[in-house]
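Coordinate analysis (summary)
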Amino acid sequence: MAERVVIQATPRTVLGKKVAQLRRNGRLPANAYGRGIDSQAVDIDAREFARTIKSAGLRAMIQLSVEGESSPRYVILRGLARKGGTGDPIHVDFFQVDPNIPIQANVPLRLTGEAPAVRDLAGTLLPGLDVIAVRCKPLDIPDAITVDLGVLNSFDVSLTVGDIAVPGDVEVLTDPAVVIATVNAPRIRVAAQRGQHHLRPTPAAAAHARGKLRQRLGRRQPAQPHQARQQRRGDSG
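For the structure given in this document, a descriptive report is provided here. Only a predicted model underlies this, so the values are computations on that prediction, with no experimental measurement involved.

Of the volumes computed, that of the largest pocket is approximately 270 Å³. At the level of elements, β5 (73–82) and β7 (103–112) are the ones that each hand at least two residues to the lining of the largest pocket. A breakdown of the residues in the lining of the largest pocket according to their chemical character gives six nonpolar, two polar and two charged. Reported here for the second largest pocket is a volume of approximately 230 Å³. The wall of the second largest pocket is formed by Arg23, Gly26, Arg27, Leu28, Ala46, Arg47, Ala50, Lys83, Asp88, Pro89 and Ile90.

Following this line, the structure appears as C-alpha cells:
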C-alpha cells in the first residue's frame, strides 16, 4: 500500500499577492479540492512539506488534517509550483479522493535480483519501463511493485508487464505486452558469431578457390632449359 503521511494545515484567508507574506513566514499556500467538493484554501508548514515529499515521495497518500475539521482529508499531490520552475515550492494543489472509490494512479517498478543472462553469460541489462498505470482504491495504491529479474536466463527472453504479480485488489492498466527489461548479448560474442559465419565457405566455394590457386601457380612456373634452347633456335632460324 502507498505510504500515508500526515500534514497539518490551517484554513487560509490570505489570497492573491498577499500570500508572499505567508511564504516569508515559512508557510506554503495550498488548495484542497476534489470531484463535487468545494476548493478549500489552506496553508501548511513549508519545511514539513519538504521533509514529507523527500521521505515519502510525490505519489504518497497524504492525510491532510485541517484545523477546525472533525475528520482528515485523504489527498494526493495533484500540482506543485516551484520558484523559477525548479526552485523551492511556492504553491501546492491537493486532490481529495474518496477512499472507497477506485482511482487511476502510476506506480513505480522496483527491479530486484540478478538476471542469469547477465551473471552467467556476460550480457547487458536493458531496462525498458520504470512505471505502470494501475486502478485501485486510494488506500490500496502500492508505493512500488517489485519485479524479479531472475526470469531473464537467456538473450531470447523478455520480461513484460504481463509477467509481474500485483495484489489482487490492484488492476494493471498498462498493456501486458509492454517490455520491462531484456538482456543484450555481449558485443564480443556477436562479433565472433559473425566472424565464424564468414570463415566457413561451402564445399563448392572451397573447391573453386583451390582451382584458382592452381591456375595462378601454374602461370608462375619458370620455363625448362630445353624449352628455352628450342625457343632461341627458332628465333635464329
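Let us keep going from here.
Within the structure shown, the criterion is met by three salt bridges. Among the ionic pairs, Arg73 bridges to Glu69, the shortest N-O distance being 2.8 Å. Assessed through its relative accessible area of 11%, Arg73 is described here as buried. Where Asp120 meets Arg119, a salt bridge forms, and the shortest distance between an N and an O atom there is 3.1 Å. Looking at Arg119, the relative accessible area reads 46%, which means it is partly exposed.

Three or more residues of helix α2 (residues 46–56) are buried, namely Glu48, Phe49, Thr52, Ile53 and Ala56. Down the axis, α2 shows its buried residues gathered within 130° of arc, on one side only. Those residues of α2 that are exposed and angled more than 90 degrees off the buried face are Arg47, Arg51, Lys54 and Ser55. N-capping of α2 is provided by Asp45, with a side-chain oxygen placed 3.1 Å from the backbone N of Arg47. Where α2 ends, the next residue or the one after it, Gly57, has phi of about 90°, a positive value.

So, on to the packing of aromatic side chains. The final tally for this structure, using the stated rule, is two aromatic pairs. Their ring planes at 80° and their centres at 5.8 Å tell us that Tyr33 and Phe95 sit as a pair that is edge-to-face. Here Tyr33, found in strand β2 (residues 27–34), pairs with Phe95, found in strand β6 (residues 89–96); they are 62 residues apart in sequence, far enough to count as distant. Residue classification places Phe95 among the buried positions, given a relative accessible area of 12%.

This next bit is on the pairing of strand β13 (residues 179–184). As defined by bridge partners, strand β8 (residues 124–127) adjoins β13 across four bridges and the pair is classed as antiparallel. Paired with Pro127 across the two strands is Ala181, which belongs to β13.

With that out of the way, let us pick up the sheet that holds strand β11 (residues 158–160). Across the sheet, which stays open at both edges, the three strands sit in the order β8-β13-β11 with antiparallel pairing between neighbours. A single partner strand is all that each edge strand has here, and the edge strands are β8 and β11. Taken over all neighbouring pairs, the strand axes of this sheet differ in orientation by 15° on average, direction set aside.

Taking strand neighbours across the sheet as the criterion, the four strands line up as β10-β7-β9-β12 in an open arrangement whose pairing is mixed. Because the sheet does not close on itself, it has two edges, and the strands there are β10 (145–148) and β12 (171–172). Of the pairings in the sheet, the one linking strand β9 (residues 131–136) to β12 comprises two bridges and is antiparallel in character. Each bridged residue has a counterpart across the sheet, and for Val134 the counterpart in β12 is Val172.

Moving on, we get to the environment of Val172. The topology assignment puts Val172 in strand β12. In this view, Val172 contacts Ile132, Ala133, Val134, Val161 and Val166; residues no more than four positions away in its chain are not counted.

Nonpolar side chains in soluble globular proteins tend to be buried together. Ranked by internal contacts, the top residues of the largest apolar core, which has 27 residues, are Leu109, Ile132, Ile145, Leu152, Ile164 and Ile180. The element that contributes the greatest number of residues to this core is β7, accounting for four residues. In this structure, Ala9, Ile53, Ile62 and Val66 belong to the second largest nonpolar core, which totals 19 residues.

Cut-off values and rules
Residues numbered from 1 in each chain as written. Predicted model: local features only at pLDDT ≥ 70, side-chain atom pairs only at ≥ 80, totals over all residues. Heavy atoms only, no water. 1 Å grid on protein atoms, 1.4 Å probe; cavity = no way out; pocket = protein on both sides within 12 Å on 5 of 7 lines; lining within 4 Å. Points joined across faces, edges and corners; volume = space filled by probe spheres on them. Helix = DSSP H or I, 4+ residues; strand = E, 2+ residues; numbered from the N terminus. Nonpolar A, V, L, I, M, F, W, Y, C, P; charged D, E, K, R; others polar. Salt bridge = Lys/Arg side-chain N within 4 Å of Asp/Glu carboxyl O. Buried < 20%, exposed > 50% of the residue type's maximum accessible area, 1.4 Å probe, protein only. Arc of directions from axis to C-beta. Polar contact = N/O pair within 3.5 Å; in protein donor to acceptor, adjacent residues only side chain to side chain. Phe/Tyr/Trp six-rings, centres within 6.5 Å; stacked < 30°, edge-to-face > 60°. Pairing = 2+ DSSP bridges. Axes fitted to C-alpha atoms, helices over the stretch in contact; angles between N-to-C directions. Contact = heavy atoms within 4.5 Å. Core = buried A, V, L, I, M, F, W, Y, C linked by side-chain atoms within 4.5 Å.

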